[in-house]
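Close look at the chain arrangement
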Amino acid sequence: MNLCDIREVRALLGRHGFRFSKSMGQNFLIADWVPREIAAAGGGDGTCGVLEIGPGIGCLTRELCRRAAKVVSVELDPALPPVLAETMAGAENFTLISGDVLKLDVPALVDERFRGLTPLVCANLPYNVATPILKALIEAKRFRTITVMVQREAALRLTAKPGTGDYGALSVYAQYHTRPEILFDVPPDCFLPAPRVTSSVIRCRVRETPAVSPACGEEFFFRTVKAAFALRRKTLCNSLCTVFGSRLGKDGVAEAVARCALAPAVRGEALGMEEFAALADSLYSQCN
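Residues numbered from 1 in each chain as written. Predicted model: local features only at pLDDT ≥ 70, side-chain atom pairs only at ≥ 80, totals over all residues. Heavy atoms only, no water.

**A short note on the environment of Gln-151**
- As for its placement among the helices and strands, Gln-151 is situated in strand β6 (residues 145-151).
- For Gln-151, a relative accessible area of 24% translates into the label partly exposed.
- The spatial distance from the C-alpha of Gln-151 to the C-alpha of Cys-65 is 25 Å, given a sequence separation of 86 residues.
- Discounting residues that sit within four places of it in the chain, Gln-151 has contacts with Tyr-127, Val-197, Thr-198, Ser-199 and Ser-200. (Helix = DSSP H or I, 4+ residues; strand = E, 2+ residues; numbered from the N terminus. Buried < 20%, exposed > 50% of the residue type's maximum accessible area, 1.4 Å probe, protein only. Contact = heavy atoms within 4.5 Å.)

Take a look at the structure:
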């Protein structure tokens, strides 16, 4: 069965009485080059175990099973396991887990299912929950690379550089933990049903150690980053006051910023990773 042939896909879904769910962000690939390219970009081979989120009807899953030693797919929609039982029949290295990946203990799942293998992620993420899923995968601290397809808008935010319109707290978070890069775009006509947006495949190579090591610790560092982007149209000082103003006052926040040799009118979007680390340490010193 060709899982990228729209006629065969419609017949398959019809046999199982399947209906697309907008709330689950379901868009199935119908261009055969896309799952091949995603699987190849994921880098899986006979030494790897691949975690897939949202296998749909299995077109990417099949490609992953051809490459990796083991593939474990997590599917939320209870209507899809019977479909996958048909499309993945005979794939002995495939395991399906029914459930919500955001409610699973991902580190425990990886330790149990991929013992002796190098764990990777390769998936076409549901766009409406792509960011929390990506964060959960990063925070699991188990994967060498995370290769996923997301809405292009999200991909641009994840890879954005300081001083650009897409740069924000998510950019800093992703680049603190990983080295993200956009690999290629996927147009709407590659899906059934066709989404209204272009998609992008992004590969995040997980860092062995974070991009910076602020003395204040990771929690305070990200508290500072989020505060810096709280009021994007305002100066960095004004934005930081939304979180630190009650404790330090505007003058105390301004002093912490000045100690980092930052201009009074600078905005959060201008700061790079090292500058955020210095700023977080300066604010931490002021608070303590």
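Next comes the rest of the write-up.
**Topic: the packing of aromatic side chains**
- Under the criterion given, the structure shown has 12 aromatic pairs.
- Relative to Phe-221, the ring of Tyr-176 has its centre 5.3 Å away and its plane inclined at 25°; by these criteria the two rings are stacked. Here Tyr-176 is found in helix α8 (residues 169-177), whereas its partner Phe-221 is found in helix α9 (residues 218-228), with 45 residues between them in sequence.
- For Tyr-176, a relative accessible area of 3% puts it in the buried group. (Phe/Tyr/Trp six-rings, centres within 6.5 Å; stacked < 30°, edge-to-face > 60°.)

**Quick look at unusual backbone geometry**
- The omega torsion across Leu-192 and Pro-193 is -15°, close enough to zero to call that bond cis.
- Structurally, the position occupied by Pro-193 is in the loop between β8 (191-192) and β9 (199-206).
- The backbone of Lys-141 sits at a positive phi, close to 55°, despite the residue not being glycine.
- Within the element layout of this structure, Lys-141 appears in the loop between α6 (130-139) and β6.
- For Lys-141, a relative accessible area of 59% puts it in the exposed group.
- Even without glycine at this site, Ala-261 takes up a positive phi of about 60°.
- Within the fold, Ala-261 resides in the loop between α10 (236-258) and α11 (273-287).

**Points about the packing of helix α7 (residues 152-159) against α8**
- Contact pair α7 / α8: the axes reach a minimum separation of 6 Å and the direction vectors enclose 65°. Regarding the angle of α7 to α8, the classification is roughly perpendicular. Seen from α7, the contacting residues are Arg-157, Leu-158 and Thr-159; seen from α8, they are Leu-170, Ser-171, Ala-174 and Gln-175.
- Split into classes, the residues belonging to the contact of α7 with α8 amount to three nonpolar, three polar and one charged. (Axes fitted to C-alpha atoms, helices over the stretch in contact; angles between N-to-C directions. Parallel < 35°, antiparallel > 145°, perpendicular 65-115°, else oblique. Nonpolar A, V, L, I, M, F, W, Y, C, P; charged D, E, K, R; others polar.)

**Examining the nonpolar core**
- Leu-51, Phe-221 and Leu-240 are the most contacted members of the largest nonpolar core, which totals 63 residues.
- Among the elements that line this core, the one with the most residues is α10, at eight residues.
- With near-sequence residues (within four places) excluded, Phe-221 lies in contact with Val-172, Tyr-176, Val-212, Pro-214, Cys-216, Met-273, Phe-276, Ala-277 and Ala-280.
- Counting 35 residues, the second largest nonpolar core, distinct from the first, contains Phe-28, Leu-60, Phe-184 and Leu-192. (Core = buried A, V, L, I, M, F, W, Y, C linked by side-chain atoms within 4.5 Å.)

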